[in-house]
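# A structural walkthrough
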Amino acid sequence: QVQLQASGEGLVQPGDSVRLSCVGSGFDFSWYAIGWFRQASGKEREAVASISTSDEAIYYGDSVKGRSTISRDNAKNTVYLHIDSLTPGDTAVYYCGRAFALGNNWRNINNYDYWGQGTRVTVSS
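The following refers to the structure shown. Everything numeric here is computed off the predicted structure, so don't read it as measured data. (Residues numbered from 1 in each chain as written. Predicted model: local features only at pLDDT ≥ 70, side-chain atom pairs only at ≥ 80, totals over all residues. Heavy atoms only, no water.)

## Overview of the overall build of the protein chain
This is how it is decided: Numbering of helices and strands starts at the N terminus; helices are DSSP runs of H or I of at least 4 residues and strands are runs of E of at least 2. Radius of gyration: over C-alpha atoms. The globule rule applied is 2.2 Å multiplied by the number of residues raised to the 0.38 power. Contacts are residue-level and defined by heavy atoms, with any inter-residue pair within 4.5 Å sufficient. Note on areas: Shrake-Rupley, 1.4 Å probe, and residue coverage restricted to the protein chains presented here. Think of it this way: Lys and Arg go in the positive column, Asp and Glu in the negative one, and His and the chain ends go nowhere. Charged groups are reduced to one reference atom each: NZ for lysine, CZ for arginine, CG for aspartic acid, CD for glutamic acid.
What the protein chain contains, in helices and strands, is zero helices and eleven strands. Scanning the protein chain from its N terminus toward the C terminus, one meets helices and strands in the order β-β-β-β-β-β-β-β-β-β-β. For 125 residues, the compact-globule formula gives about 14 Å, and the C-alpha radius of gyration of the protein chain, at 13 Å, lands near that figure. If you line up the protein chain on its principal axes, its C-alpha atoms span 40 × 25 × 25 Å. Sequence separation of 24 or more characterises 58% of the internal contacts of the protein chain that already satisfy a separation of 6 or more. For the protein chain, the exposed surface amounts to about 6500 Å²; the carbon and sulfur share of it is 44%. Counting 11 positive and 12 negative side-chain charges, the protein chain places the averaged centre of each group 3 Å from the other.

## With respect to the sheet that holds strand S7 (residues 68-73)
Spelled out, the test is: Pairing between two strands requires that DSSP report at least two bridges joining them. The angle between two axes is taken between their N-to-C directions and runs from 0 to 180 degrees, where each axis is a line fitted to C-alpha atoms and a helix contributes only its stretch in contact.
Across the sheet, four strands lie side by side as S1-S3-S8-S7; this open sheet has antiparallel pairing. Two strands close off the open sheet at either side, each with one partner strand: strand S1 (3-7) and S7. Neighbour to neighbour, the strand axes of the sheet diverge by 15 degrees on average, direction disregarded. Judged from the six bridges that link them, S7 and strand S8 (residues 78-83) form a sheet pairing that is antiparallel. Of the residues in S8, the one forming a bridge with Thr-69 is His-82.

## What about the environment of Trp-115?
This is how it is decided: Here the term buried applies to any residue with accessible area under 20% of the maximum for its type, exposed to any over 50%, and partly exposed to those in between, with areas from a 1.4 Å probe on protein chains only.
Along the chain, the position of Trp-115 falls in strand S10 (residues 114-115). Note on Trp-115: relative accessible area 21%, which makes it partly exposed. Taking the C-alpha atoms as reference points, Trp-115 and Glu-44, separated by 71 residues in sequence, lie 16 Å from one another. Setting aside chain neighbours within four positions, we find Trp-115 in contact with Leu-4, Phe-37, Arg-45, Tyr-95, Cys-96, Gly-97 and Ile-109.

## Thoughts on the pairing of strand S5 (residues 46-51)
Within S5, five of the six residues are buried, which leaves the element mostly enclosed by the surrounding structure. Judged from the five bridges that link them, strand S4 (residues 33-39) and S5 form a sheet pairing that is antiparallel. Looking at the pairing, Trp-36 lines up with Ala-49 of S5. In textbook terms, the turn of a hairpin is the stretch between consecutive antiparallel strands, and for S4 and S5 this stretch comprises six residues, one of which, Gly-42, has a positive phi near 75 degrees. Across three bridges, S5 lies against strand S6 (residues 58-60) in antiparallel orientation. The partner of Ser-50 across the bridge, within S6, is Tyr-59. If you look at the hairpin formed by S5 and S6, you'll find six residues sitting between the two strands, and Asp-55 has a positive phi there, around 70 degrees.

## As for the packing of aromatic side chains
Two numbers describe a pair of aromatic rings. These are the distance of the centres and the angle of the planes. Rules: Only Phe, Tyr and Trp rings are paired, with Trp represented by its six-membered ring, and only when their centres lie within 6.5 Å; those with planes under 30 degrees apart are stacked, over 60 edge-to-face, the remainder tilted.
For the structure shown, the criterion picks out seven aromatic pairs. Plain terms: the ring middles of Phe-27 and Phe-29 are 6.0 Å apart, the flat faces sit at 45 degrees to each other, and that makes the pair tilted. When the centroid spacing of 5.2 Å and the interplanar angle of 45 degrees are considered together, the rings of Tyr-112 and Trp-115 count as tilted. Aromatic ring contacts, followed pair by pair, group Phe-27, Phe-29, Tyr-32 and Phe-100 into a single cluster.

Below, the structure written as structure tokens:
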């Protein structure tokens, strides 16, 4: 069965960093691009970052440019998302999804055919 499992630290303080993980199983992980989206309470789901099948192309949303790094380890079927200098505005549930191919359309959620359950990040003092 296809699965994507997102995990992270949960509660962090402003100024801290977080590393989220997305682990895939039940499919050939290396054939798929992976995107991270987040959704805060009462807001639309926002594209955060995406990465191609083998690191050839990486994309970041404006909200995290300059303070975020997305990477993947296909041997472990895992994509990571680091975000530095966290603020309360980063509080959201973070989801990872898979796409067969991504380019300039990476922000379109319709390009992702499977989603994990998401992991919550709360930035608070």
